[in-house]
Amino acid sequence: PKYTDRPQRPGETEGKGIHFLSSEGMAKKDKEKDFFFTLNYVSFLYGWTHADLEKYSDKNVSIAITLESLSDLLKTNLDFVPILLTVDEQNFDLLETRIKKQLDYINLDVIKKKDADKIIEQRLKFAKKEIGNIKKYIEVVEKTEKGKVFNIKDDGTLATEILPYISSLKMQ
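Residues numbered from 1 in each chain as written. Predicted model: local features only at pLDDT ≥ 70, side-chain atom pairs only at ≥ 80, totals over all residues. Heavy atoms only, no water.

Let us look at the packing of aromatic side chains. The description of two aromatic rings rests on the distance between their centres and on the angle between their planes. Under the defined criterion, the tally for this structure stands at four aromatic pairs. Measuring from ring centre to ring centre gives 5.0 Å for Tyr 41 and Phe 126, while their planes differ by 80 degrees; the resulting arrangement is edge-to-face. Residue Tyr 41 is located in strand β3 (residues 35-41), and its partner Phe 126 is located in helix α5 (residues 110-132); the two are separated by 85 residues in the primary sequence. Stacked on the ring of Tyr 105, the Lys or Arg Lys 100 has its end atom at 4.7 Å from the ring centre. (Phe/Tyr/Trp six-rings, centres within 6.5 Å; stacked < 30°, edge-to-face > 60°. Helix = DSSP H or I, 4+ residues; strand = E, 2+ residues; numbered from the N terminus. Lys NZ or Arg CZ within 6 Å of the ring centre and 35° of its normal.)

Attention now moves to helix α6 (residues 134-143). If you check which residues of α6 are buried, you get Ile 134, Tyr 137 and Val 141. Projected onto a plane normal to the axis of α6, the buried residues spread over an arc of 65 degrees and lie on a single side. Opposite the packed face of α6, turned more than 90 degrees from it, sit the exposed residues Lys 135, Glu 142 and Lys 143. Buried residues in α6 make contact with α3 (67-74), β5 (83-86), α5 and β6 (148-151). (Buried < 20%, exposed > 50% of the residue type's maximum accessible area, 1.4 Å probe, protein only. Arc of directions from axis to C-beta. Contact = heavy atoms within 4.5 Å.)

Another aspect to go through is the nonpolar core. In terms of nonpolar packing, the biggest core is built from 14 residues, with Phe 92, Ile 99, Leu 103, Ile 120 and Leu 124 touching the most fellow members. Counting residues per element, this core draws most heavily on α5, at four residues. For Phe 92, the contacting residues outside a window of four places in its chain are Val 87, Leu 124, Ala 127, Lys 128 and Ile 131. Counting nine residues, the second largest nonpolar core, distinct from the first, contains Phe 36, Phe 37, Tyr 41 and Phe 126. (Core = buried A, V, L, I, M, F, W, Y, C linked by side-chain atoms within 4.5 Å.)

The strands making up a sheet are joined through hydrogen bonds of the backbone, oriented either antiparallel or parallel. The four strands are arranged β2-β1-β4-β3 in an open sheet whose pairing can be described as mixed. One side of each edge strand has no neighbouring strand; the edge strands of this open sheet are β2 (18-20) and β3. Each adjacent strand pair in this sheet contributes to an overall mean axis angle of 25 degrees, direction not counted. Where strand β1 (residues 2-4) and β2 come together, three bridges link them in parallel fashion. Bridged to Thr 4 within β2 is Phe 20. (Pairing = 2+ DSSP bridges. Axes fitted to C-alpha atoms, helices over the stretch in contact; angles between N-to-C directions.)

Bringing the environment of Phe 92 into the picture now. Considering the arrangement of structural elements, one finds Phe 92 in helix α4 (residues 92-102). Phe 92 sits 61 residues away from Lys 153 along the chain, and the two C-alpha atoms are 9.9 Å apart.

On to the packing of α3 against α6, then. Closest axis-to-axis distance for the α3/α6 pair is 10 Å, and the angle between their directions is 30 degrees. The orientation of α3 with respect to α6, classified from their angle, is roughly parallel. Crossing hand, α3 versus α6: left-handed. Contact with α3, carried on its side by Leu 67, Glu 68, Leu 70 and Leu 74, involves Ile 134, Tyr 137, Val 140 and Val 141 of α6 and no other residues of that element. (Parallel < 35°, antiparallel > 145°, perpendicular 65-115°, else oblique. Left-handed = near helix turned anticlockwise from the far one by under 90°.)

This part covers α3. Among all positions of α3, only Leu 67, Ser 69, Leu 70 and Leu 73 are buried. Looking straight down α3, one finds its buried side chains confined to an arc of 135 degrees; they lie on one side.

Once that is clear, we can look at the pattern of salt bridges. Taken as a whole, this structure holds eight salt bridges when the rule is applied. The partner of Lys 29 in a salt bridge is Asp 34, with the nearest N and O atoms 3.3 Å apart. The class of Asp 34 is partly exposed, set by a relative accessible area of 26%. The closest approach of N and O atoms between Lys 129 and Glu 68, which form a salt bridge, is 3.0 Å. Placement of the pair is Lys 129 in helix α5 and Glu 68 in helix α3, with a sequence separation of 61 residues. On the basis of relative accessibility, which here comes to 46%, the residue Lys 129 falls in the partly exposed class. On the accessibility criterion, Glu 68 (38% relative accessible area) is partly exposed. (Salt bridge = Lys/Arg side-chain N within 4 Å of Asp/Glu carboxyl O.)

Have a look at this one:
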């Protein structure tokens, strides 16, 4: 599970893959070196703990990170397989749809939708910035022994390409 100081989204349950802490709580865990890895994403801190890494050491553990944080993760000397998910700019509607689902956009009132629109704009702008740098990250991932790059084309890519690849790693 990851830890974060961002607000809980509709449909998220505390303790089910995510823990919500105050900014002070996150800073305390970070200062005490509880996290093996942290990153900032759209003004919120995310972290993954040594204890959870140890607890789930017999399983395939995944963490979602930003491209900018990949080089920091590589410096941790963890044994991991990087899987890079990319989206072509012409398929950004997939990102927007996913973000709206996370925000429960369809059920928001007019005022909250205006706030959500700002969040969506901010996240899409961040994604466009990352796409501008994607080539160097593709090279980094492809240089690793088992790293793989997937281009998300539609909602089926996860089931038809990514999950089968992850399952094949368990067999090795």
